Amino acid sequence: MKNSKTENIETPITSMIDVVFLLIIFFVVTSDIDRESVDDKVKLAKSTYLEPVTKLPKNRAVVNVRASGEIMYGAIPRSMATLTGALKQAHAIQGAGMVVIVRGHGDERYEKIDEVVQAVTNAGLSRIKISAQDTGLKDK
Amino acid sequence: MSIRRTEEQMETPMSAMIDVVFLLLIFFIVTHKEEQVEAHMAINLPAPGAASAPSNKPNLLEVHVYNTFYTLNGKQLGLDTLEEKLLGLAMLDSDQTVIIKVSREAFQRELVELLDRCQKAGFKNLNVLTLK
């Protein structure tokens with residue numbers, strides 16, 4: 001009799017733990033691991049018809065251009081000369097076929113993007129992609 | 001008395017685990033960011049040393065991007081009119097090369113909007129140059 005009273009007082013936490021673990025698994029699975037190249041300060045211009053990217057190319061260098069005009073590569077601000085050097089180095093490591101992805105802030109003047117383009121050209125590279133944010137409205 | 005003690009000893013200590021689990025949950029909720037789907041457009045760069053691309057060939061379209069407006073083969077247009085023209089031209093020949101010259105004063109979003117319209121029209125061969 002005393003035993004059953006003790007059982008009634010206990011809070012049923014099993015289902016709560018189940019839910020909490022499911023939430024943790026959800027966040028672990030959906031968290032983007034490939035964040036090294038994405039600058040959160042860059043708000044991309046929106047695009048409807050450009051092809052959405054599901055997987056980034058293996059050999060790539062991602063250059064971010066912030067609204068402040070800072071050119072970031074590998075989370076370090078770069079001048080045109082240092083960016084050229086860094087891209088040359090990346091090219092030597094990654095080999096032919098390396099693509100430079102330019103993530104320019106939508107409200108940044110093209111002047112800064114042009115600096116990146118010049119650095120890419122000076123580094124002897126020719127494959128470049130302009131990045132935009134997919135609106136997902138293409139099929140709607 | 002002895003029965004109660006045995007029951008207590010058999011209980012798994014859950015409090016510490018629940019604390020850790022909740023801390024993990026709070027961490028993931030705070031650091032979670034909505035995934036942003038990106039779209040990429042491959043563009044051709046000018047050959048090193050090339051001052052400007054030839055623009056007088058009949059199979060070339062030349063679009064200039066300025067701050068707030070565009071020009072198509074020298075004619076000033078708004079984005080919607082430009083889109084209509086591009087759609088019409090692409091129906092004739094979508095393989096023709098589009099030379100896009102961008103003013104340094106133009107915004108990046110204006111270039112992206114043009115690339116977006118070129119993609120919609122079906123143009124694939126896009127060359128981006130800086131307007132001197």
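Just so it is clear, the structure is predicted and the values come from calculations on it, not from any experiment.

Novice: Talk me through unusual backbone geometry; I want residue IDs and the actual numbers.
Specialist: Look at Ala75(A): it is not a glycine, yet its phi comes out positive at around 65°. For Ala75(A), a relative accessible area of 63% puts it in the exposed group. For Asn73(B), which is not a glycine, the phi torsion comes out positive at approximately 45°. Mapped onto the secondary structure, Asn73(B) falls in the loop between strand E3 (70-72) and strand E4 (75-77).

Novice: Any chance you could break down empty space enclosed by the protein for me, citing the residues and the numbers?
Specialist: Scanning the entire structure with this criterion turns up 1 cavity of 30 Å³ or more. Space inside the largest cavity adds up to approximately 40 Å³. Forming the boundary of the largest cavity are Met16(A), Ile17(A), Val20(A), Phe21(A), Met17(B), Ile18(B), Val21(B) and Phe22(B). Listing elements by their share of the lining of the largest cavity, those giving two or more residues are helix H2 (14-30) of chain A together with helix H2 (15-31) of chain B. When the residues that make up the lining of the largest cavity are grouped by side-chain class, the tally is 8 nonpolar, no polar and no charged.

Novice: Which residues make up the packing of aromatic side chains, and what are the values?
Specialist: For any pair of aromatic rings, geometry is given as the distance between the ring centres together with the angle between the planes. Residue and element names in this part refer to chain B. Scanning the model with the defined rule gives 2 aromatic pairs over all chains in all. Between Phe27 and Phe28, the aromatic rings sit 5.3 Å apart at their centres with planes inclined by 70°, giving edge-to-face as the arrangement. The interplanar angle of 20° and the centroid separation of 4.9 Å between the aromatic rings of Tyr66 and Phe69 together place this pair among those described as stacked. Residue classification places Tyr66 among the partly exposed positions, given a relative accessible area of 24%. Taking the relative accessible area as the measure of exposure, Phe69 reaches 25% and is therefore partly exposed. In this structure, Arg109 is placed above the aromatic ring of Phe107, and the distance from its NZ or CZ to the ring centre is 4.7 Å.

Novice: How would you sum up the packing of H2(A) against H2(B)? Please name residues and give values.
Specialist: Running from N to C, H2(A) and H2(B) cross one another at 35°; their axes reach a closest spacing of 9 Å. Where H2(A) crosses over H2(B), the two elements pack in a sense that is left-handed. For the pair formed by H2(A) and H2(B), the contact residues are Met16(A), Ile17(A), Val20(A), Phe21(A), Leu23(A), Ile24(A), Phe27(A) and Val28(A) on the first element and Met17(B), Ile18(B), Val21(B), Phe22(B), Leu24(B), Leu25(B), Phe28(B) and Ile29(B) on the second. Of the residues in the contact of H2(A) with H2(B), the class split is 16 nonpolar, no polar and no charged.

Novice: Quick rundown of the sheet that holds E3(B)? Include the residues and the values.
Specialist: Ordered by their spatial adjacency, 5 strands build an open sheet running E4-E3-E2-E5-E6 (chain B), and the pairing between neighbours is mixed. Looking along the sheet, the strands with just one partner apiece sit at the ends: E4 and strand E6 (126-131) of chain B. Geometrically, the sheet is characterised by an average inter-axis angle of 25° between neighbouring strands, direction not taken into account. One ladder, built from 6 bridges, connects strand E2 (residues 60-65) of chain B with strand E5 (residues 97-103) of chain B; its direction is parallel. By the bridge assignment, Leu61(B) is partnered in E5(B) with Val98(B). Along the sheet, helix H4 (residues 110-122) of chain A makes contact with E5 and E6 of chain B, crossing E6(B) at roughly 115°.

Novice: Give a description of the interface of chain B and chain A that names residues and reports values.
Specialist: Contacts between chain B and chain A engage 42 residues on the former and 50 residues on the latter. In this assembly, chain B packs against chain A so that about 4400 Å² is buried in total across both faces, 63% of it on carbon and sulfur atoms. At the surface where chain B touches chain A, the tally comes to 3 salt bridges. Two residues, Asp107(A) and Arg109(B), come together in a salt bridge whose shortest N-O distance is 2.5 Å. For the pair chain B and chain A, the interface holds 21 residue pairs in polar contact (both at pLDDT 80 or more). Taken together, the elements giving at least two residues each to the side of chain B that touches chain A come down to H2, strand E1 (38-43), E5, helix H4 (108-121) and E6 of chain B. The residue makeup of the side of chain B that touches chain A, split by class, is 25 nonpolar, 8 polar and 9 charged. As paired elements, strand E6 (residues 128-134) of chain A and E1(B) share 6 bridges and run antiparallel to each other. Counted as the bridge partner of Gln133(A) is Glu38(B) from E1(B).

Cut-off values and rules
Residues numbered from 1 in each chain as written. Chains lettered and ligands numbered in written order. Predicted model: local features only at pLDDT ≥ 70, side-chain atom pairs only at ≥ 80, totals over all residues. Heavy atoms only, no water. Buried < 20%, exposed > 50% of the residue type's maximum accessible area, 1.4 Å probe, protein only. Helix = DSSP H or I, 4+ residues; strand = E, 2+ residues; numbered from the N terminus. 1 Å grid on protein atoms, 1.4 Å probe; cavity = no way out; pocket = protein on both sides within 12 Å on 5 of 7 lines; lining within 4 Å. Points joined across faces, edges and corners; volume = space filled by probe spheres on them. Nonpolar A, V, L, I, M, F, W, Y, C, P; charged D, E, K, R; others polar. Phe/Tyr/Trp six-rings, centres within 6.5 Å; stacked < 30°, edge-to-face > 60°. Lys NZ or Arg CZ within 6 Å of the ring centre and 35° of its normal. Axes fitted to C-alpha atoms, helices over the stretch in contact; angles between N-to-C directions. Left-handed = near helix turned anticlockwise from the far one by under 90°. Contact = heavy atoms within 4.5 Å. Pairing = 2+ DSSP bridges. Buried area = accessible area lost by both parts, 1.4 Å probe. Salt bridge = Lys/Arg side-chain N within 4 Å of Asp/Glu carboxyl O. Polar contact = N/O pair within 3.5 Å; in protein donor to acceptor, adjacent residues only side chain to side chain.

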